[in-house]
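Listed below, chain by chain, are the residues.
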Amino acid sequence: MNINNFTENLQFYGRRKGRKLSNSGQSAIRDGKDYLIKEEDIPNIFLNQKYIVLEIGFGDGENLINSAKINPNFFYIGADPFLNAIAKCLGKILQYKLKNIAIWPDDVRKILKFIPNNSISEIKLLFPDPWPKKKHKNRRLIQNEFIKIINSVMKYNGTITIATDHDLLKKWVLEKFQSHIDFEWVVETSKDWRLRPNDCFQTKYELKSINQQRKPSWFIFKKQ
Ligand SMILES: C[S@@+](CC[C@H](N)C(=O)[O-])C[C@H]1O[C@@H](n2cnc3c(N)ncnc32)[C@H](O)[C@@H]1O
């Protein structure tokens, strides 16, 4: 699959806008605009940063912001097309004066074609939309083509961490990644998928899941 074919006809099915932005949300969008990645910024980011972590669908940004705070030597790229999430995250970036982070305010699949091969050290995908109905399975982000493309942009020994509490998606994720020979599931005991890894922070969706008595699973795959 050629990456241009992959991105040409893609459709985004999630929400781009929610409630009207509050005054503070509007200010964050205005004051934080330098943190938004434009196509032309991408080569410089990848030239200047050695350890890049891509978080896909950061939502309220709990994991993205806390990770950037404790790892000042890593560079974080957060991708999310949802305006309200972007505003919230920019607000926190400004509040903590973070320098090691940038936001791609769109579908992650659109930035992938600009990312050089072998350049991302880690990918985090926490609680992606499960699209549980069979007729919507093509809307799930994790597809064979998507795995091939993230495989090319990831460094060797780089990892992708995927969290989900949806049984159908758990099975889907394992099947898709295990059928891809370039990825190895990093697992020794059941704790490895039952417990949140030490390098991830609790997000709104994890909390919601626990409150509703569901059981999140955490899968880590390594590029070999
Ligand atoms: C269920 S929420 C999870 C949010 C957060 N990770 C958490 O754990 O609370 C899924 C998020 O993924 C974002 N999203 C959906 N499709 C995406 C895509 N193609 N690229 C980037 N983000 C996407 C949505 O806008 C939403 O913020």
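The text that follows walks through the structure, step by step, so that each part is easy to find. Not measured: the values here are computed from a predicted model.

**Here we look at the packing of helix α2 (residues 23-31) against helix α5 (residues 83-95)**
The contact between α2 and α5 brings their axes to 8 Å, and the two run at 70 degrees. Regarding the angle of α2 to α5, the classification is roughly perpendicular. Facing Gly 25, Ala 28, Ile 29 and Asp 31 of α2, the residues of α5 in contact are Leu 83, Ile 86, Ala 87, Leu 90, Gly 91 and Leu 94.

**Quick notes on the nonpolar core**
Among the nonpolar cores identified, the biggest contains 36 residues, and Leu 54, Ile 77, Ile 120, Ile 150, Ile 160, Phe 177 and Phe 221 are the most heavily contacted of them. In contact with Ile 160, not counting residues within four places along its chain, are Ile 123, Ile 150, Met 154, Phe 177, Phe 183, Phe 219, Ile 220 and Phe 221. Within the second largest apolar cluster, 18 residues are counted, among which are Leu 36, Tyr 76, Cys 89 and Leu 90.

**Describing the site of the ligand**
Taken together, 18 residues lie around the ligand, and Gly 57, Asp 80, Val 108, Leu 126 and Thr 203 are the ones closest in. In the model, a nitrogen atom of the ligand is placed 3.0 Å from a nitrogen or oxygen of the Asp 107 side chain. One of the backbone nitrogen or oxygen atoms of Val 108 is found 3.0 Å away from a nitrogen atom of the ligand. Here the ligand has 600 Å² of accessible area as a free molecule, and 91% of this is covered by the chains. Its residues assigned to classes, the shell around the ligand shows 11 nonpolar, three polar and four charged.

**Here we look at the environment of Gly 18**
Relative to the helices and strands, Gly 18 is located in the loop between α1 (3-8) and α2. Residue Gly 18 is classed as partly exposed on the basis of its relative accessible area of 34%. It is 7.7 Å that separates the C-alpha atoms of Gly 18 and Phe 82, two residues lying 64 residues apart in sequence. Setting aside anything within four residues of it in sequence, one finds Gly 18 in contact with Phe 82 and Asn 84.

The rules behind each value
- Residues numbered from 1 in each chain as written.
- Predicted model: local features only at pLDDT ≥ 70, side-chain atom pairs only at ≥ 80, totals over all residues.
- Heavy atoms only, no water.
- Axes fitted to C-alpha atoms, helices over the stretch in contact; angles between N-to-C directions.
- Helix = DSSP H or I, 4+ residues; strand = E, 2+ residues; numbered from the N terminus.
- Parallel < 35°, antiparallel > 145°, perpendicular 65-115°, else oblique.
- Contact = heavy atoms within 4.5 Å.
- Core = buried A, V, L, I, M, F, W, Y, C linked by side-chain atoms within 4.5 Å.
- Buried < 20%, exposed > 50% of the residue type's maximum accessible area, 1.4 Å probe, protein only.
- Near = heavy atom within 4 Å.
- Polar contact = N/O pair within 3.5 Å; in protein donor to acceptor, adjacent residues only side chain to side chain.
- Areas by Shrake-Rupley, 256 points an atom, 1.4 Å probe, with all protein chains shown as cover.
- Nonpolar A, V, L, I, M, F, W, Y, C, P; charged D, E, K, R; others polar.

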